[in-house]
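Secondary and tertiary structure notes
Each chain is listed here by its residues.
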Amino acid sequence: MVNDDLRPVYFLSDSTGITAETLGNTLLTQFPGNNFDRITIPFITTVDQARSVVRTIDGIAEAGPAPIVFSTAVSSDIRQTLSGCKGIVVDLIGTHVGQLEHALGSHASGEPGRAHGLGNAARYQSRMAAVEYAMEHDDGQSLRALEKAQVILVAPSRCGKTPTTMYLALQHGIFAANFPLVDEDFEREGLPGSLKPFVSKCFGLTTNALRLSQVRTERRRGSPYASLRQCGFELRSAERLYEFHGIPYLNSASVSVEEMAATILQKMNLKH
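Description of the structure in this document. (Residues numbered from 1 in each chain as written. Predicted model: local features only at pLDDT ≥ 70, side-chain atom pairs only at ≥ 80, totals over all residues. Heavy atoms only, no water.)

Brief notes about unusual backbone geometry
Filter applied, for reference: A 1.4 Å probe rolled over the protein chains alone gives each residue an accessible area, and that area as a share of the maximum for its type sets the label: buried under 20%, exposed over 50%, partly exposed in between. Put simply, DSSP H or I for four residues or longer makes a helix, DSSP E for two residues or longer makes a strand, and each gets a number counted from the N terminus.
Phi is positive for Asp139, close to 60 degrees, though the residue is something other than glycine. Given a relative accessible area of 42%, Asp139 falls into the partly exposed group. One non-glycine residue, Arg158, lies in positive phi territory at about 75 degrees. Structurally, Arg158 can be placed in the loop between strand E5 (151–156) and helix H6 (161–172).

Written as structure tokens, this is what we have:
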């Protein structure tokens, strides 16, 4: 059954709100028959701010169905204040803090922002270095220090190489490069010469021809590059190339960037 009414959903946090959004939206995907009006309120750092948010949610609740509230507030005072609202509160932090305190025999710090702040400075800097590396080595622009790459994505144009390498770098600190496969590569059924020493680091992407044609049409409408025939040829050729060189590959047609990254990390045994 589909519910056409928009149910208000709040993601509340005393930091960026990224965790509340990620976990909350993951739970909401289990209810595809419902429509949601999503509102994120980050950086709730004082009790007064929390009270203001509660007044807003209470006003919405009085005018219609009670909002669903996902909270990742770490501060106990702020968490307690938010829990008093008239929404349906899902406390994604407080529910488990007590369990961990008991298991670890120590008290939680109550310090917000540790998940997506600077946190471990060395780990943060390594992620930023990975992003710089991914930008330099996007679409085969640079061959410098290619030996430092932990993974090299190869695929025909517009199969998702760039967003996947950037996600691997930003979220996981992986040094990732990517290279386009072009007609010359397909004619000789070989990798670009610069990649041959690094074939063990290569991971291929493919998609379906119709999807690729649609994506390319947005860029070059009516061109041979975007034709269904050309897209089909490139994808078939790429898959033959992957299989010939023993390169693992993934069809990106109906897979999110997050899922692609997780698969690559697993298959290539990569860790930050």
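So, the state of the cysteines
Operational definition: Whenever a pair of cysteine sulfur atoms sits within 2.5 Å, that pair is classed as a disulfide.
Under the definition given, this model contains zero disulfides. Cysteine Cys231 remains unbridged, with the sulfur of Cys159 as its closest cysteine sulfur at 8.4 Å.

A look at the packing of aromatic side chains
So the rule is basically this: When the centres of two rings from Phe, Tyr and Trp lie within 6.5 Å, Trp using its six-membered ring, the rings pair. Their planes under 30 degrees apart give stacked, over 60 give edge-to-face, and anything left gives tilted. In this analysis the charged atom, NZ for Lys or CZ for Arg, is taken to sit over a ring once it is within 6 Å of the ring centre and within 35 degrees of the ring normal.
In total, this model carries four aromatic pairs according to the counting rule given. Considering the side-chain rings of Tyr133 and Phe175, the 5.1 Å spacing of their centres and the 50 degrees angle between planes classify their relative orientation as tilted. Of the two residues, Tyr133 is situated in helix H5 (residues 121–136) and Phe175 in the loop between H6 and strand E6 (176–181); the sequence distance between them amounts to 42 residues. Taking relative accessible area as the criterion, Tyr133 reaches 5% and is therefore assigned buried. Look at Phe186 and Phe233: their rings are 6.0 Å apart centre to centre, the planes differ by 85 degrees, and that puts the pair in the edge-to-face class. Note that Phe186 is positioned in helix H7 (residues 183–188) and Phe233 in helix H9 (residues 228–245), a separation of 47 residues in sequence. The positively charged end of Arg216 is found above the aromatic ring belonging to Tyr225, 4.3 Å away from the centroid. Residue placement shows Arg220 over the ring face of Tyr225; its charged tip is 4.4 Å from the ring centre.

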